[in-house]
Number of protein chains: 2
Amino acid sequence: MASPEIETLTQSLSRLPGFGPRSARRAVLHLLKKRETALDPLLAALTAVSQRLATCSTCGNVDTSDPCAICADPRRDTRQLCVVEEVADLWALERSRLFPGRFHVLGGKLSALDGVRPEDLTIDSLVARIAQGGVDEVVLAMNATLEGQTTAHYIAERIETYPVRVTQLAHGLPVGGELDYLDEGTLAQALRARRPVA
Amino acid sequence: MASPEIETLTQSLSRLPGFGPRSARRAVLHLLKKRETALDPLLAALTAVSQRLATCSTCGNVDTSDPCAICADPRRDTRQLCVVEEVADLWALERSRLFPGRFHVLGGKLSALDGVRPEDLTIDSLVARIAQGGVDEVVLAMNATLEGQTTAHYIAERIETYPVRVTQLAHGLPVGGELDYLDEGTLAQALRARRPVA
Ligand SMILES: [Zn+2]
Ligand SMILES: [Zn+2]
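Residues numbered from 1 in each chain as written. Chains lettered and ligands numbered in written order. Predicted model: local features only at pLDDT ≥ 70, side-chain atom pairs only at ≥ 80, totals over all residues. Heavy atoms only, no water.

### A short note on the environment of L110 of chain B
Residue and element names in this part refer to chain B. Examined against the element boundaries, L110 turns out to sit in the loop between β4 (102-105) and α6 (123-131). With relative accessibility at 10%, the residue L110 sits in the buried group. Setting aside residues up to four positions removed in sequence, L110 forms contacts with V116, R117, P118, L121, E147, T150, T151 and Y154. (Helix = DSSP H or I, 4+ residues; strand = E, 2+ residues; numbered from the N terminus. Buried < 20%, exposed > 50% of the residue type's maximum accessible area, 1.4 Å probe, protein only. Contact = heavy atoms within 4.5 Å.)

Structural data, given as structure tokens:
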């Protein structure tokens, strides 16, 4: 029905996470009808990002510069290093604005099932960063999954000879979490890690 | 956190229908991580559409050519003309592949509330197309809303002096239903059972 160019655009959009064929069609229609306010700005933004897209050779973040804005920021505390599985996790932590240090993106997690071994992740370069010195604390911010925790334990062992404090995110009830709705694993973690009431 | 270019891209995407800030961030992350398979194809598709985007001067469809692919297709039955409110409705009917004729997009519907008068829609050019001759049937495929039906009645009156059969979609449409949201089966039934305007 639509021209090949419009079909191709619809297909490209429908492959984005959160988009299906139907929402992609609606978005394309919106873009076609709102050229000045929707299509042109999106095209300009995509072009700008595409021209400058880079993976940070220090931390693995994706940004429009290398080093990335975080690694290049002199106000970041270089003594704290937060290790995450994926760029998405880095972004989630950045949105919280709670971590003042820098990051290291592993590019995944160890997984026997998926055949992901230590050399498939950026663990060697993490160890090299720590070996350079200047880092006081390494925060292992892996997901609270079996594979995430396996990865955290593996990294903790790899860096135990360095004079750094190795910490991990607390496990327990999410804020607003109701006991009745939580899975058993979360409940068990929260119970095991119970603390004295202040 | 992210660079200005990435922030701008996130904002452009978050303004698309069906997208919010959260899903836009996920989509941007996907684009950044999958340059070859996601970002580059989307950029190329947007560029191609942007360079050739046109509103069909015959029917009002948006496409990458003028006349649009439908108006230019010699296999379409020029004796049947389907009048719709919006381009989205045209696309919905095209997806059903049930209407062999051509279209006319009004660009909206008559509305006392929103101050939309006949001269704000493409009704004059519709009448002109019918006056040229060659059209046997005009299918009024307005939405089954009060304003849609008001618009249909107005058009029926405007063209009653021409030797054309004027029909409308059967009222198997749910009350308040908009074409763009209907499943294909309902659309097909409504089209098959279309009736002369009383
Ligand atoms: Zn970096
Ligand atoms: Zn056309």
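### Structural notes on the UniProt feature "domain: Toprim" (unreviewed entry) in chain A
With numbering matched to this structure, UniProt assigns "domain: Toprim" (unreviewed entry) to residues 79-174 of chain A. Segment residues 79-174 of chain A splits into 33% helix and 18% strand. End C-alpha atoms: 28 Å apart. (UniProt positions renumbered as here; feature names shortened; annotations may be inferred.)

### A word on the UniProt feature "zinc finger region: C4-type" (unreviewed entry) in chain A
Residues annotated by UniProt as "zinc finger region: C4-type" (unreviewed entry) correspond here to residues 56-71 of chain A. Taken end to end, residues 56-71 of chain A comprises 19% helix and 12% strand; its first and last C-alpha atoms sit 8 Å apart.

### With respect to the state of the cysteines
Disulfide: a covalent bond formed between the sulfur atoms of two cysteine residues. Applying the stated rule across the entire model yields 0 disulfides over all chains. Cysteine C82 of chain B shares no disulfide, and the gap to the nearest cysteine sulfur, in C59 of chain B, comes to 11 Å. (Disulfide = S-S within 2.5 Å.)

### Section: the coordination of the zinc ion (ligand 1)
Any two of four tetrahedral donors ideally make an angle of 109.5 degrees at the metal, while pairs among six octahedral donors ideally make 90 or 180 degrees. Residue and element names in this part refer to chain A. Every protein donor of the zinc ion (ligand 1) is accounted for by C56 (SG), C59 (SG), C68 (SG) and C71 (SG), and the metal-donor separations fall at 2.3 to 2.4 Å. Every donor counted, the 4 donor atoms about the zinc ion (ligand 1) form angles of 105 to 116 degrees at the centre, which fits tetrahedral coordination. Ordering the donors of the zinc ion (ligand 1) by residue number gives the pattern C-x2-C-x8-C-x2-C. Residue C56 is classed as buried on the basis of its relative accessible area, which comes to 3%. (Donors = N, O, S within 2.8 Å, 3.2 Å for Na, K, Ca; no water. Tetrahedral: all angles 85-135°; square planar, octahedral: opposite > 155°, others 65-115°.)

### Focus on the pattern of salt bridges
Under the counting rule described, the total for this entry stands at 20 salt bridges over all chains. A salt bridge links E137 of chain B to R165 of chain B; the nearest nitrogen and oxygen atoms lie 3.3 Å apart. Here E137 of chain B is found in strand β5 (residues 137-140), whereas its partner R165 of chain B is found in strand β6 (residues 165-168), with 28 residues between them in sequence. Judged by its relative accessible area of 49%, R165 of chain B is partly exposed. A single network of salt bridges, built from pairs that share partners, joins R117, E119 and D120 of chain A. (Salt bridge = Lys/Arg side-chain N within 4 Å of Asp/Glu carboxyl O.)

### Section: the side chain of D63 of chain A
Residue placement: D63 of chain A occurs in strand β2 (residues 62-63). Buried D63 of chain A, no salt bridge; nearest opposite-charge side chain is R52 of chain A, N-O distance 7.5 Å. Here the side chain of D63 of chain A touches A69 of chain A through a polar contact of 3.0 Å, landing on its backbone nitrogen. Here S3 of chain B takes part through its side chain, which lies 3.3 Å from a polar atom of the side chain of D63 of chain A. When near neighbours in sequence (up to four residues on either side) are disregarded, D63 of chain A contacts R52, L53, A54, C68 and A69 of chain A together with S3 and I6 of chain B. (Lys, Arg positive; Asp, Glu negative; His and termini not counted. Polar contact = N/O pair within 3.5 Å; in protein donor to acceptor, adjacent residues only side chain to side chain.)

### A look at the sheet that holds strand β4 (residues 102-105) of chain A
Residues and elements named next belong to chain A. With respect to topology, 4 strands assemble into an open sheet ordered β4-β3-β5-β6, the strand pairing being parallel. Two strands bound the open sheet, and with one partner strand each, they are β4 and β6 (165-168). If you compare each strand with its neighbour and ignore which way they point, the axes differ by 25 degrees on average. Relative to β6, strand β5 (residues 137-140) runs parallel, the two being bridged by 4 bridges. Paired with V139 across the strands is T167, a residue of β6. Contacting β3 (80-84) and β4, helix α5 (residues 87-96) runs over the sheet at an angle of about 160 degrees to β4. Contacts from helix α6 (residues 123-131) reach β3, β4 and β5, with the element oriented near 150 degrees to β4. (Pairing = 2+ DSSP bridges. Axes fitted to C-alpha atoms, helices over the stretch in contact; angles between N-to-C directions.)

### Quick word on the interface of chain A and chain B
In this complex, chain A contributes 47 residues to the contact, which on the side of chain B involves 49 residues. Between chain A and chain B, the buried area comes to about 4,900 Å², and carbon and sulfur atoms account for 71% of it. Between the two partners, chain A and chain B, sit 4 salt bridges. Measuring nitrogen to oxygen at the nearest pair gives 2.1 Å for the salt bridge that ties E5 of chain A to R52 of chain B. In this structure, the connection of chain A to chain B is made through 12 residue pairs in polar contact (both at pLDDT 80 or more). (Buried area = accessible area lost by both parts, 1.4 Å probe.)

### Comments concerning the environment of V166 of chain B
Residue and element names in this part refer to chain B. Counting through the fold element by element, V166 comes out in strand β6. Relative accessible area serves as the criterion here: at 12%, V166 is assigned to the buried category. Considered as a pair, V166 and I155 are 11 residues apart in the sequence and their alpha carbons are 9.5 Å apart.

### A look at the confidence of the model for chain A
All names here are of chain A. In this model, chain A carries an average pLDDT of 89, and 95% of its residues clear a pLDDT of 70 or more. The least confident element of chain A, judged by mean pLDDT, is helix α8 (residues 184-192) at 72; the most confident is α6 at 97. The ipTM, which scores confidence in the relative placement of chains, is 0.75 for this predicted complex, and the corresponding pTM is 0.75. (pLDDT = per-residue confidence, 0-100.)

### Quick word on unusual backbone geometry
In the segment running from D66 of chain A into P67 of chain A, the intervening peptide bond is cis, with an omega of 5 degrees. Position of P67 of chain A among the secondary structure elements: in the loop between β2 and α4 (69-72).

### As for helix α5 (residues 87-96) of chain B
Residues spaced three or four apart along an α-helix face the same direction, because each turn holds 3.6 residues. Residues and elements named next belong to chain B. When you tally the buried positions in α5, you get 9 out of 10 residues, the bulk of the element. Every buried residue of α5 is listed here: V87, A88, D89, L90, W91, A92, L93, E94 and S96. Within two residues after α5, R97 carries a phi angle of roughly 55 degrees, on the positive side.

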